[in-house]
Amino acid sequence: MEFGYTEEQLMFRDSVYKYAKKEIVPLVEEADLNSEFSMEVWRKLGEMGLLGLPFPEELGGSGASVVTCCLSTEALGHAGVDQGHLLALGAHTYLCADTIFKHGSPAQLKKYIPKLASGEWIGCMGLTEPGAGSDAASITTTAVKKGDKWILNGTKTFITNAPLCNVCVVYATVDKALKHNGITAFIIERGFPGFSTGTPFHKMGVRASATSEVIMDNCEVPEENLLGEVGKGFGYTHETLSWDRSALLAPFVGGMQFAIEACTKYSQERVQFGKPINAFQAIQHKLADMKIVKEAAKMAVYQVAHDKDSGKPLNHMHTSLAKAIVGDWGMKAASDAVQVFGGYGYIHEYPIERFLRDAKLGQIGGGTSEVQRLIISRILSFM
Ligand SMILES: Cc1cc2nc3c(=O)[nH]c(=O)nc-3n(C[C@H](O)[C@H](O)[C@H](O)COP(=O)(O)OP(=O)(O)OC[C@H]3O[C@@H](n4cnc5c(N)ncnc54)[C@H](O)[C@@H]3O)c2cc1C
C-alpha cells in the first residue's frame, strides 16, 4: 500500500528527524533513567511547532494533515526520542487539545488552543478510572449541574501528563442509568476548586512521561467549561481513538526503525566464533522479522491516518488492526532487538532495553490487545 507522500511531507519528516537527532535525543537517556519529564525536551518540541501541528495557523498551529502528524511522530521515534516524551506529546496534542479543538466553542478555542499549541500549557485527558478501563462506558465520575456550575466527583487513573497539567479534558456521567449516553466532557483547569492530581506512578516503561491519578472532590467547573454537548462525550472519545491509532502509534513505528538500524549495525560489528553475528541465519531472521513487523505496522497506521484525512467514518477494523500489530508484533520485535544485542541489550547503556520496556505499553494503553481481538472478531462475525 502506498499513500503517496508529497515532497513537502517528506522534507518535513526529514527536518524533524534531523532536528530531533541533534537537539532532543541527547537529552532523553537521562530523563528516562531518572523517570523525569524534561521541560527542555518539551520546549524544543514546542519550538519546532510539533505540539500544535494539526491546528490552524490562527490558533498557533500549522494546519497539518493527519498523515503529516504521523510523519512527525514517526520521525521523532526513528531519531531515537524515547516513547515517554512522545506519549506526553500524544496525550497533550491529540487526546487533549484536539478534543477541545473539535468540540469546543469559539471562546474555548481562543482561550486554550494557542497556549496548548505552543506548549506553554500542558494538557491531559482523563477517561480511565480505577474501576473502568477497557469498559470505558462504565465510568462513575459524576457531573451534577448546580446553578451556573457543574460539580464533578470521581477519580481518574493512569492519566498521562496529569502531574504536570494545566488543563485536563475529563469525562464524567450526568446519569449512570444512561450508560454511554450520559457521558459528558469538561475542560478543567488546574486551580479549579476541588481538582488535584496524585503522586506520579513509577512505571515499567515510557518513564519520562508523568502519570498519575486525577481527583475531583466536589470540583467546581464553570458552565462555560462544559465541552461540546451534554451526553455526547463518549462519541468524542472515538475522535480520540482515531488519533490513538495513528499519531500515537507512529512513534512506535519510528522506534522499530531505530531498533532495526541499531541491530543491523551491531550485528555487523559484533564478532563471535570468528564471524560477525549477522553471518548467523538465526540473527538474520530476527532482523528480517523486525523489518516485516515494522512495514506491516507502518501500513496499518498510515491506513488509519489516510482514512482520517479522507474524512471517512472511523473504520474499527483498520484501527484495531493497527493497534494489535503495533502492540503485539511490536513487542515481539522489541524482544528480538534485545536478543540481537545479547547481554548488552539487557543493560541501560544501550537504548535497546528501553525499547522493550516502552513497547509493552503498546499492548495495554488506549485499548488492550485482547480488546482489539474482540473488536476484530465481532466485525468478522458480521461480515
Ligand atoms: C502508561 C499509561 C498511560 C495511560 N494514559 C492514559 C491517559 O492519558 N488517559 C486515560 O484515560 N487512560 C490512560 N491509560 C489507561 C489505559 O487506556 C488503560 O490502562 C487500558 O485501557 C486498559 O484498562 P485497564 O488498565 O483498566 O485494564 P482492564 O480493562 O482491567 O483489563 C485487564 C485485563 O483484562 C483484559 N480484558 C478486559 N476486558 C476484556 C474483554 N472484554 N475480553 C477479553 N479481555 C478483556 C484486558 O485485555 C487486560 O488483559 C494509560 C495507561 C497506562 C499504563
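See the structure printed just above.
Since the structure is predicted, the reported quantities are computational estimates derived from the model, not experimental observations.

Caption draft 1: Broad picture of the overall build of the protein chain. Helices and strands together make up the secondary structure of the protein chain, namely 11 helices and 10 strands. Its C-alpha atoms give the protein chain a radius of gyration of 21 Å, within 12% of the compact-globule value 21 Å for 383 residues. The buried share among the 383 residues of the protein chain stands at 53%. Here the analysis covers contacts within the protein chain between residues at least 6 apart in sequence; of these, 75% occur between residues at least 24 apart. Just so you have it, the protein chain exposes about 16,500 Å², and 57% of that area is on carbon and sulfur atoms. Within the protein chain, the 42 negative side-chain charges are centred at a point lying 3 Å from the centre of the 37 positive side-chain charges.

Caption draft 2: Geometry of the pairing of strand β4 (residues 167-173). The element β4 is extensively covered by neighbouring structure, given that seven of its seven residues are classed as buried. Of the two faces of β4, both are covered, the one formed by Val167, Val169, Tyr171 and Thr173 as well as the one formed by Cys168, Val170 and Ala172. In the sheet, strand β1 (residues 123-126) pairs with β4 via four bridges, with the strands oriented parallel. Bridging across to β4, Met125 finds its partner in Val169. Pairing analysis gives seven bridges linking β4 to strand β5 (residues 183-189), with the strands arranged antiparallel. Along β5, the bridge assignment pairs Val170 with Phe186.

Caption draft 3: Inspection of the packing of helix α7 (residues 250-269) against helix α9 (residues 316-341) at higher detail. The N-to-C vectors of α7 and α9 enclose an angle of 20°; their axes lie 10 Å apart at closest approach. In this view, α7 runs roughly parallel relative to α9, as classed from their interaxial angle. Between α7 and α9 lies a crossing whose hand is left-handed. Residues Phe252, Met256, Ala259, Ala262, Cys263, Tyr266 and Ser267 of α7 pack against Val326, Gly330, Ala337, Val340 and Phe341 of α9. Its residues placed into classes, the contact of α7 with α9 shows 10 nonpolar, two polar and no charged.

Caption draft 4: Examining the layout of surface pockets more closely. Roughly 160 Å³ of volume is contained in the second largest pocket. Taken together, His238, Glu239, Ser242, Val304, Asp307, Lys308, Lys312, Pro313, Leu314, Asn315, His318 and Thr319 make up the lining of the second largest pocket. When residues of the lining of the second largest pocket are traced back to their parent elements, those giving at least two are α6 (233-244), α8 (281-309) and α9. When the residues that make up the lining of the second largest pocket are grouped by side-chain class, the tally is three nonpolar, five polar and four charged.

Caption draft 5: Looking closely at the nonpolar core. One finds Leu45, Leu76, Ile100, Tyr171 and Val301 to be the most contacted residues of the largest nonpolar core, which totals 94 residues. At 11 residues, the largest contribution of residues to this core is made by α8. With 19 residues, the next largest nonpolar core counts Leu152, Ala172, Cys219 and Val221 among its residues.

Caption draft 6: Region of interest: the side chain of Glu74. Inspection of the secondary structure puts Glu74 in helix α3 (residues 66-79). Other than its neighbours up to four places away in sequence, Glu74 contacts Arg13, Ala250, Pro251, Val253, Gly254, Lys298 and Tyr302.

Caption draft 7: Here's a closer look at the site of the ligand. The full set close to the ligand counts 17 residues, and Thr128, Ser134, Phe158, Thr368 and Glu370 are the nearest of them. Between Thr368 and the ligand, the recorded distance is 2.6 Å, taken from a side-chain N or O atom to an oxygen atom. With the chains in place, 64% of the 980 Å² that the ligand exposes on its own is no longer accessible. Counting residues per element, the ones that place at least two in the shell around the ligand are β3 (149-160) and α11 (369-382). Sorting elements by how many residues they give to the shell around the ligand places β3 first, with three residues. Taken together, the residues of the shell around the ligand break down into seven nonpolar, eight polar and two charged.

Caption draft 8: Structural view of empty space enclosed by the protein. Enumeration over the complete set of coordinates arrives at two cavities of 30 Å³ or more. Taken as a whole, the largest cavity spans an internal volume of roughly 100 Å³. If you trace the largest cavity, you find it lined by Gly77, Gly80, Val81, Asp82, Gln83, Gly255, Phe258, Pro351, Ile352, Arg354, Phe355 and Asp358. Of all the secondary-structure elements, those providing two or more residues to the lining of the largest cavity are α7 and α10 (352-359). Of the residues contributing to the lining of the largest cavity, the split by class is five nonpolar, four polar and three charged. The residue makeup of the lining of the largest cavity includes at least three contributed by each of domain 1 (7-118) and domain 3 (249-382). Reported here for the second largest cavity is a volume of approximately 50 Å³. Contributing to the lining of the second largest cavity are Phe252, Met256, Val326, Gly330, Met331, Phe355 and Ala359. It is α9 that contributes the most residues to the lining of the second largest cavity, three residues altogether. Its residues placed into classes, the lining of the second largest cavity shows six nonpolar, one polar and no charged.

Criteria and cut-off values
Residues numbered from 1 in each chain as written. Predicted model: local features only at pLDDT ≥ 70, side-chain atom pairs only at ≥ 80, totals over all residues. Heavy atoms only, no water. Helix = DSSP H or I, 4+ residues; strand = E, 2+ residues; numbered from the N terminus. Rg over C-alpha atoms; globule rule 2.2 N^0.38 Å. Buried < 20%, exposed > 50% of the residue type's maximum accessible area, 1.4 Å probe, protein only. Contact = heavy atoms within 4.5 Å. Areas by Shrake-Rupley, 256 points an atom, 1.4 Å probe, with all protein chains shown as cover. Lys, Arg positive; Asp, Glu negative; His and termini not counted. Charge placed at Lys NZ, Arg CZ, Asp CG, Glu CD. Pairing = 2+ DSSP bridges. Axes fitted to C-alpha atoms, helices over the stretch in contact; angles between N-to-C directions. Parallel < 35°, antiparallel > 145°, perpendicular 65-115°, else oblique. Left-handed = near helix turned anticlockwise from the far one by under 90°. Nonpolar A, V, L, I, M, F, W, Y, C, P; charged D, E, K, R; others polar. 1 Å grid on protein atoms, 1.4 Å probe; cavity = no way out; pocket = protein on both sides within 12 Å on 5 of 7 lines; lining within 4 Å. Points joined across faces, edges and corners; volume = space filled by probe spheres on them. Core = buried A, V, L, I, M, F, W, Y, C linked by side-chain atoms within 4.5 Å. Near = heavy atom within 4 Å. Polar contact = N/O pair within 3.5 Å; in protein donor to acceptor, adjacent residues only side chain to side chain. Domains from an automatic or database assignment.

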